[in-house]
Amino acid sequence: MAFSSPVSPSYSSCHHLSSNFNAKGKKLPTIHKIYPFFLLQRSPFLKVDFSSQWGRRESSKFSISAAVTSKEYSLDGALENTQLPKGDCWSVHKFGGTCVGTSERIGNVADIIIADQSERKLVVVSAMSKVTDMMYDLIYKAQSRDDSYLTALDAVLEKHKLAAVDLLDGDELASFSSKLHHDINNLKAMLRAIYIAGHATESFSDFVVGHGELWSAQLLASAVRKNGVECSWMDTREVLVVNPTGSNQVDPDYLKSEERLAKWYSNNPSKTIIATGFIASTPQNIPTTLKRDGSDFSAAIMGALLKARQVTIWTDVDGVYSADPRKVSEAVILKTLSYQEAWEMSYFGANVLHPRTIVPVMQYDIPIVIKNIFNLSAPGTMICRSSGDEHEDGQKVESLVKGFATIDNVAIVNVEGTGMAGVPGTASAIFSAVKDVGANVIMISQASSEHSVCFAVPEKEVKAVADVLESRFGQALSAGRLSQIAVIPNCSILAAVGQRMASTPGVSATLFTALAKANINIRAIAQGCTEYNITVVVKREDCVRALRAVHSKFYLSRTIIAVGIVGPGLIGATLLDQLKDQTAVLKEKFNIDLRVMGITGSRTMLLSESGIDLSKWRELLSLRGEMADLSKFVHHVRGNHFIPNTVLVDCTADSHIASHYYDWLHKGIHVVTPNKKANSGPLDQYLKLRALQRQSYTHYFYEATVGAGLPIISTLRGLLETGDKILRIEGIFSGTLSYIFNNFAGSTAFSQVLKEAKEAGYTEPDPRDDLSGTDVARKVIILARESGLHLELSDIPVQSLVPEPLRDCASAEEFMQQLPQFDQQLAKQRQNAEDAREVLRYVGVVDVVNGKGTVELRRYSKEHPFAQLSGSDNIIAFTTERYATQPLIVRGPGAGAEVTAGGVFCDILRLASYLGAPS
C-alpha cells in the first residue's frame, strides 16, 4: 500500500521503486529507504484497497504504518558539488495563512517576492487561511466515525482547485492538479483507515495536517515561475530535523538540519526557494510539526541555517503595537524591539511572534521585521539586538516601558503556612505536583519570609492543580504546617515590558501609582532579575482598565477620562460648551481625552458608549434622552472597562446628589463639583468624606465651591502645606452682594439696586436666597473646615438682609413689591458710613485664632481693598503668620456661569494631571 504523495516524494509506506518530480516537473528515480512505525494503535491488520497514482489497484493485508524516506538523486558531478552559499545574500520571508488565503493574495505574495531585490530569497509559507483547521477537522471527524469527513475533504479539494484555476494555466495547472488529486485520494484512504480504527496517533495527524503547507508552497512556486522567475519549492520535512519534547514542543537539531539543507540545495540550486512552514521531521524521518503557529519558527530556523541578512514576517497588522489595539485604541506601532522585549511580549500573549521564533536568529544577530502585506507603505517593526540606552526618533516611547501585554482567564493558587519557612524542597514539591497534572505555570511570586508562595495557572487547569496539591500536602494541612491552599479565580495578568527598565529607579512606582489612581487592586507581583518586565495580577474585570491606565501613564497614549455631568443647568450647560470648544486642543496639545459618557438632569438623562457629540448635546438629550436614573447613570459612566478613569461632575446645588459623594469615591470614582452642600453639611459626614479621600487615590476637587473660578481653596491649601499658620480669612464671597453694595451709593434706593441686579441676572430667581447670607455662610464653613476648625453651619451667626416681615412672602414677586418699604433702614446705615468716609460691605470672616466664623454687613474705610471693588468681583484676604502685616489677597470675578464653569473645568484638568497627563 502506498501512501506516497507527489508533493512530498520522500514520504512513502510502499516498498517499491517509484518516480518523483523535481521542482521543474521532471521525473527523477528515487530509491526509498523504509522506516516503518505505527501511526494507528487499533486494528493492527486491515485490508484496504485504493488506486495508486499510476492507476494500479493494490490489495494487501498490512500493519497500518507510514514511513518517511530519504532520497538520493543520481545527478551529475556539477550539481553534487554545488555549495550552499550563506550570509547576507539571503533574505527570508514568511507569509502566514491570511497572506495566502485566496488566489488573489497568493498572486500579491508572488509580486512581493519578485520585487525583492535580494540576491537570494527563501520564502516560508503557511497553509491557506483556515486550511489547517479544516485538516484537523478531517481527522477529528474520521476518528469520531463521522461520515461527513468525505464532504469536508471535498471542500479542501475544491478550495485548492479553485485557487489553482485562478492562478495557473497550461502545464503548471495540469501538474499541480494531478498532484492535488493524487494527494486527496491518498488522504481519503488514510482517513478511511482512521475511520475504521477510530483513532489516530499524533504522528499520523501531523502527516495529514501538513498537506496544507505542501499545497500552498507549490501554488506559490508555480505563481512565481509563471512570472518568469526561476523558482524551486522545498518540502521542509526533507530538511528540518527536530526532536519532540515532552511539553508539546520541539527542539531543532541544527547540525542535522544544516547537513540536509546543504544536500537539498546541491540537488535544487535556486535563487528563489518556496519552503513549507510548520512541518518538519524527527531524526527517525517521521513527519512532525512545529506545533501551532510554527511557521514563524520555521522561518527563523531557516534564517539561522542560512545566516540570512533579515527575516521578514508578513502578517495583517502594521507591526507590533505597544498594547492590544482592540483594548487600547491609542496603542502605537513600535519601530523597534529588542530580542528580549519581543520574547517577553510574545510570552505574555502579545500578537508578536511564535514565542520561540526569536531564539534561532539571536545568535547570529539576524533582525526580524514584522510587516503588513495589506499596507506595504507601513515601515513595520524591527526586532533586533539593541543597546539599553537606545532612543527612537520621532516616537513617543521615551517611556522606559516599550509595551504591555495581558493574559486573561488566569487563576491564582496560593499555598501558605508557617511550616514552609526555611524548609528545603517545599517549592520543588509544589511544582513537581503541578507538573504531574500537566499544568502550565505562568507566573510565580514568593515573599522573602517564605510563609507563602503563589503562582498563576490557566483557569481551566486550576481545579486539577488544587486537587493534586490538597492530595499531595494533605498531611501537612492536617498537621497545621500548611494553613491553606487557596484558589483565586477570575484573574488576568498584566505585564510591562522594556529593556530600558533595567536598573532604572521609579518604573515600578510609576506603574503601581497608575494602577492605584485607577482604583485597581494588585493581587500578586513578579519581576525577574533582568528587570525587563514587571508582572502584576489583577481582577479580570479590571484588566482592560488597568491596561489603559498604565499605557496612558507611560505617555504611550492620551490620558482618557470618562466624564459624567450631573445637572445640565446654567453651570453644567456652560461647562459642556467649554468642553466642546476645548476637546480637540486638549487631545492634540495636552494629550488629554475627556469623553462625556453621560449627562443627567432631574428628569432626563443621555448615555453614550463612546462619548457624546458635544456639538449637539442639547438636541440629543431632547430626542434620545431616557428617564433619569442616577444609579444606572453612575454604573454606565464607570462601567466602560476601556476607559481607566471616571469622574462625576456635580453641577447642581442638590444636597441629595452631594450625599452620594462618599459612595462614588469609595467605588474609585473621582468627584469634581461647585456644589457646596457636601463640604458645608453635617460635620461628621464631611470628616468621613475627607478621610476616605485622603486614604485613597480617588480625588475630590471643589475649588469652585467658594470663589467660582478664583484659586481660593488651592491658595489656602498651599499656605497650610508649606507650614504657614492661618490667623484670619476675611472676604466678600458673594458676587451678587458685591455688585449690590458696589452700586449702593448716592441716593439710589437699596430695592432699586436689587431690582437692577436681578434684571442683569446677578441674583438667584428669588433674591432672598442671596440676601439671607446662607450661601456666604456655607463658604465660610468650607474655609473654616479647610483651616482645621470643626464647625457646623449652625455655629455661624449670619446677618440676614431680608427684612423679617418679608421672609415669609409667598413669592419673589411679592417680596420685590414690598421691599421698598424697608429701604430707609439700609439708607441710614449707608449715610452713617459715608459720613465716616466708609463703605458698606457684606463679608464672611473665619477667625481661626478664636475658632469661630461670622457673616455680617461691615463698614470699611474707602482706602481699604474691600472698598476698591467694582462689578461683581470677589475679594478674599488671608492673614497668616507670614502675611501678618500685609494680608495675601485674591481678587477677581466670583460669580457667573462662565467663571464658575471655568473653575470646574480647571479642576477636571487638574485631575487629568494627577492621573498622568503631562503638566
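For clarity, every value in this text was computed on a predicted model and none was experimentally measured. Chains are numbered independently. Their residues run from 1 in the order of the written sequence. Reporting of local features is limited, given that this is a predicted model, to residues whose pLDDT is at least 70; pairs of side-chain atoms are given and counted only at 80 or more, and all residues count toward the totals for whole chains, interfaces and linings. Values shown for side chains rest on all heavy atoms present in the structure; no hydrogens or waters enter the calculation.

One number per residue, pLDDT, summarises how confident the predictor is, and it ranges from 0 to 100. Model confidence for the protein chain is summarised by a mean pLDDT of 86, while 88% of its residues fall at 70 or above. Any two residues whose heavy atoms approach within 4.5 Å at even a single point are treated as in contact. Below pLDDT 50 for its whole length, residues 1-80 participates in 195 contacts with residues either more than four positions away or in separate chains. This model gives residues 387-397 a pLDDT under 50, and the stretch forms 21 contacts once residues within four places in sequence are excluded.

A few words now on helix 29 (residues 774-786). For helix 29, which comprises 13 residues, the first-to-last C-alpha distance of 18 Å matches the rise-based estimate of 18 Å (1.5 Å per residue) to within 8%. Residue burial is assigned from relative accessible area. The probe radius is 1.4 Å, only protein chains are included, and a residue is buried under 20% of its type maximum, exposed over 50%, and partly exposed in between. Numbering goes from the N terminus for both helices and strands, where a helix is a DSSP run of H or I of at least four residues and a strand is a run of E of at least two. Most of helix 29 is tucked away, with 11 of its 13 residues classed as buried. Of all the residues in helix 29, the buried ones are Val776, Ala777, Arg778, Lys779, Val780, Ile781, Ile782, Leu783, Ala784, Arg785 and Glu786. Just past helix 29, the residue Gly788 takes up positive phi, approximately 105°. The length a helix should cover is 1.5 Å for every residue beyond the first.

So, about the packing of helix 12 (residues 426-436) against helix 13 (residues 462-472). Note on definitions: angles span 0 to 180 degrees between N-to-C directions of axes, and those axes are lines fitted to C-alpha atoms, for helices only across the stretch in contact. Taken N-terminus to C-terminus, the directions of helix 12 and helix 13 make an angle of 130°; their axes are 9 Å apart at the nearest point. Our classification of the angle between helix 12 and helix 13 gives oblique. Where helix 12 crosses over helix 13, the handedness of that crossing is right-handed. Across the interface between the two elements, Ala429, Ile430, Ser432, Ala433, Val434 and Asp436 from helix 12 touch Val465, Val468, Leu469 and Arg472 from helix 13. Any residue outside Ala, Val, Leu, Ile, Met, Phe, Trp, Tyr, Cys, Pro, Asp, Glu, Lys and Arg is labelled polar, Gly included; the first ten of those are nonpolar and the last four are charged. Taken together, the residues of the contact of helix 12 with helix 13 break down into 7 nonpolar, 1 polar and 2 charged. For this classification, under 35 degrees means roughly parallel, over 145 means roughly antiparallel, 65 to 115 means roughly perpendicular, and everything else is oblique. By convention, the crossing between two helices is left-handed when the near helix turns anticlockwise from the far helix through less than a right angle, and right-handed when the turn is clockwise.

In this section: the side chain of Ser205. Considering the arrangement of structural elements, one finds Ser205 in helix 6 (residues 202-209). When residues no more than four places from it in sequence are discounted, the contact partners of Ser205 are Ile139 and Ala200.

Relative orientation of the contacting elements helix 8 (residues 254-267) and helix 9 (residues 295-306) amounts to 75°, with a least axis distance of 10 Å. When the axes of helix 8 and helix 9 are compared, the pair comes out roughly perpendicular. Residue-level contacts link Tyr254, Ser257, Glu258 and Leu261 of helix 8 to Ile301, Met302, Leu305 and Leu306 of helix 9. Looking at the contact of helix 8 with helix 9, its residues break down into 6 nonpolar, 1 polar and 1 charged.

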